[in-house]
Amino acid sequence: MAGKVEGKERRRNGEREKRRNFAVLKLRCTHPFALMAAFLVLSVSSSFPQQNLTVPPAPSDNLLQVESDLPIRYFPQEREWRTLDGTGTIKIRFRELTIFARKARYSEREQILEAQEGLRAIWQDGVEFEGGMARYFVNERRWVVEGGKATFDPSYFGEGVAAPLYLTLQTMRGTDERLMAERGTFSSCDRPHPHYSLRAQSAEALPGDRLILRRVGIYIGETKLLGIGRFTISLKPRLRQNRLPITPDVGSDRYSGFFLRTSVSLFDTRTQSADLVLDWSERRGIGYGIEHDYSTRRFQGGTNFFIQRSPFAGTEQTFSWRHQHQLLPGLLFTAFWDERRNTPFGGRSYTSSSKQFSLRQSWRRGSTELALRMLGYGGFGDDRTWTLTHSFSTGKQWLNLFLTMRETARPGQPTDKELNERIEIRRRISDEWDMALRFEQRVDLDKDKYTGDNFYYALDRTPEMLFSFRPRSSGFFRPNIAIGLARWSEPQFVGIGQPVQSFTTERLHFRLDTPYRTLKLTGNLSYSHNAVFEQFLYGNDTAQYFYSYRSTLTWRFGRNSQMDLSYWLQKRRGYTPFRSDTLTSYENLDWRLQISPSPKFSLSATTGLDLERDFFRDLLLNLRWQPSQGMALDLSTGYSLERGKWQDILGRFLLSRPSGLGLPAYGTFVSYYGLQPTPFAEERPAPPPGGFRSELTFRYSPTQGQWTRVRLFLDWSVTKSIRLETLLGYSGVLRKMDITQFRLTKDLHCYQIWAIYNRERREFRIFFVIKAFPLLQQFFGTSDQGAFLDTSLGQVY
């Protein structure tokens, strides 16, 4: 009996203990923890707990959510809340912060919150912090952390950072607005002894703004390269996507000779940042400048100034300013100013400039914008353009206004002045009917003083009204209808040196068009067609009409094969006084065949007959063979049925090893498949050691019996840390190599060393590239002018 009583008592005590733990959680969640937010923004543990106790989400941003594997108890004598010993962790959520800890206590008497044994904090914006022990003094709103390491995810900075950044500190103290630390190490290397680092005796951090390091040493391994009294690192999203400050750019090219370029951070505050840009070259001399960016709640922009003093060519100056200002809610002012000046020795200065200012007012139903653009050509003329745009809309009607006034001044010629105006009003009459009213004309303000007016074409609509009808259920015999009534004016060019004559008359336009429809004839046979009819009547007693019909008969067979036979017809009858209404007559019969018995093989053939001009089009052949995931062959050619001759043969051979890499899709140069260049941060990863990706393209002329063009791209990981990229090109017309470029990359864990050779630019460069701060300049796959190479083989049949 006594055992049963003791068992019941133990169960009651256990239930009271559970209720007490839950009450602790409930009390802590409803306690006003706004004063503890700063600590919670920097305290954290290292393991994810089992969710034994869960508190529902708090309705206020100042409340907490607590989940714990550990028992939590209140000690009345000490007036403290403590986690008891055991296995597991305690998890605390506060706003966008999640904290983990294996031991925690809160003293109501001393107003101190303490957590230890491996703190870990995770922010939703990509910041993680770890520390040994932390205390938060509630009344003083300050905290102290002993031994901590912060990790900044690349997403925290937005663009421009490609790897996590690490900040290790011996001690750290401060508030939620300012942090002070001693003996800090900053690097993107995650090893205990980083390959490179910035080491500071003291550091000051403004969360979300910047990190200020004092008495800094730049280290490669344990070797100190350079000492700096103060260095600032921005913790904001990077405003400019340039190289990391102090990263050198060393090399040699045909224009500059040997050169050395770098940049140094001058300051970086919450609203501004500035870099000093230094440039020295053997032939162009010394260059220096400032890159300044600013950003506040209402405006943002930047200013760049650079000057190059050459001992041979003179002085070059570049200035640019961009600005965007939110003057009032919905009222935006933008400005752009770019100016370049060259002053050769013993000569006059030449200045070119581009300026643009705009004021835009936006509201819920529309917007209005006034813009001014001015272009200066250094004594060779000036352009000035005023633009006014206005748009307004309601549920069933729209208004668009566009006015442009342009002035063009050239030495020795009269100033050209013209005004272009366009107004359009559209209204939805019903579900089927729409109406549009347009007014458009060009006004020559200089009254034919400018000789270029004799060759200027403009179509004036003064005005034009258009009604359009769309049936609810459209079909071949239920076409769309459009009716237009207008007064058009078009210039008529009589001859060279003759003044332009304007022709004006009324115009009535009627159009019927049937939607494109597909009819299923049999299981594998389908027929698609549509038709258009248009009638034009003019005020000078002339008229024209035209009709068109397009149809396609499709037969599908096999797994993914088909044959198409298309008939295209368009005929015009009558006369039109307007060039804008001039239409071309044609009648074509096209044949297309595509055979693809499997995803590994496809063959297509296309030809046609021009019935209007009575000749056969060339037969075009395309073949694609992909026997494996890492190998493919493309061949393309054409055969002239009229002349009985073969066209050039274009080919592309793709090979990758291992085959799991797939086929290459390079972004360092433009191929004839239309691939666009991408920055280094978005480039393909390196192949595994010993693996490679390659692309060989060629063009062979059967009539000349020679290879007119050959291109080779190779991306080869020689070893785990050495990568070779090669771009070679041969021109059969010039009978020489026209492209020779190499990039050798040595990977050293957290940074790389590039060696780039470009024969076209007569350039050799060496880069020290930190992976976390990728170079967005692309020096591989570029021409001698710095533009991306077009490695296409010409026309693709």
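Our subject is the structure listed above.
What you are looking at is a predicted structure, and each value in this text was computed from that prediction instead of being measured. (Residues numbered from 1 in each chain as written. Predicted model: local features only at pLDDT ≥ 70, side-chain atom pairs only at ≥ 80, totals over all residues. Heavy atoms only, no water.)

The next subject is the side chain of Ser-320. Within the secondary structure, Ser-320 is located in strand β20 (residues 314-328). Since its relative accessible area comes to 15%, Ser-320 is described here as buried. Ignoring anything within four residues of it in the chain, the contact list for Ser-320 reads Gly-302, Thr-303, Asn-304, Trp-337 and Asp-338. (Helix = DSSP H or I, 4+ residues; strand = E, 2+ residues; numbered from the N terminus. Buried < 20%, exposed > 50% of the residue type's maximum accessible area, 1.4 Å probe, protein only. Contact = heavy atoms within 4.5 Å.)

In this sheet, strand β22 (residues 350-363) lies alongside strand β21 (residues 331-343) in antiparallel orientation, the contact comprising 12 bridges. Counterpart to Ala-335 in the pairing with β22 is Phe-357. As defined by bridge partners, β22 adjoins strand β23 (residues 366-377) across 12 bridges and the pair is classed as antiparallel. Counted as the bridge partner of Trp-363 is Gly-366 from β23. Linking two consecutive strands that pair antiparallel, namely β22 and β23, is a turn of 2 residues. (Pairing = 2+ DSSP bridges.)

Note the cis peptide between Thr-462 and Pro-463, where omega equals -10°. Within the secondary structure layout, Pro-463 lies in strand β28 (residues 460-469). The linkage connecting Arg-657 with the following residue, Pro-658, adopts the cis geometry, with an omega of -5°. The topology assignment puts Pro-658 in the loop between β41 (649-657) and β42 (692-701). The phi dihedral of Arg-79 is positive, around 55°, even though this residue is not glycine. Relative to the assigned elements, Arg-79 resides in the loop between β2 (72-75) and β3 (80-83).

Turning our eyes to something else, we now look at the pattern of salt bridges. This structure, assessed with the given rule, holds 46 salt bridges. Note that Arg-406 and Glu-418 form a salt bridge whose closest N and O atoms lie 3.1 Å from each other. Taken together, the residues Arg-406 in strand β25 (residues 397-409) and Glu-418 in strand β26 (residues 416-428) connect sequence positions 12 residues apart. Arg-472 is the salt-bridge partner of Glu-432, the closest N and O atoms lying 2.3 Å from each other. Here Glu-432 is found in the loop between β26 and β27 (433-444), whereas its partner Arg-472 is found in the loop between β28 and β29 (480-492), with 40 residues between them in sequence. Given a relative accessible area of 70%, Arg-472 falls into the exposed group. If you follow the salt bridges from partner to partner, you end up with Glu-424, Arg-438, Glu-440, Arg-461, Glu-464, Arg-507 and Asp-581 in one network. (Salt bridge = Lys/Arg side-chain N within 4 Å of Asp/Glu carboxyl O.)

Everything listed here is a matter of coordinates, which is why it stays silent on function.
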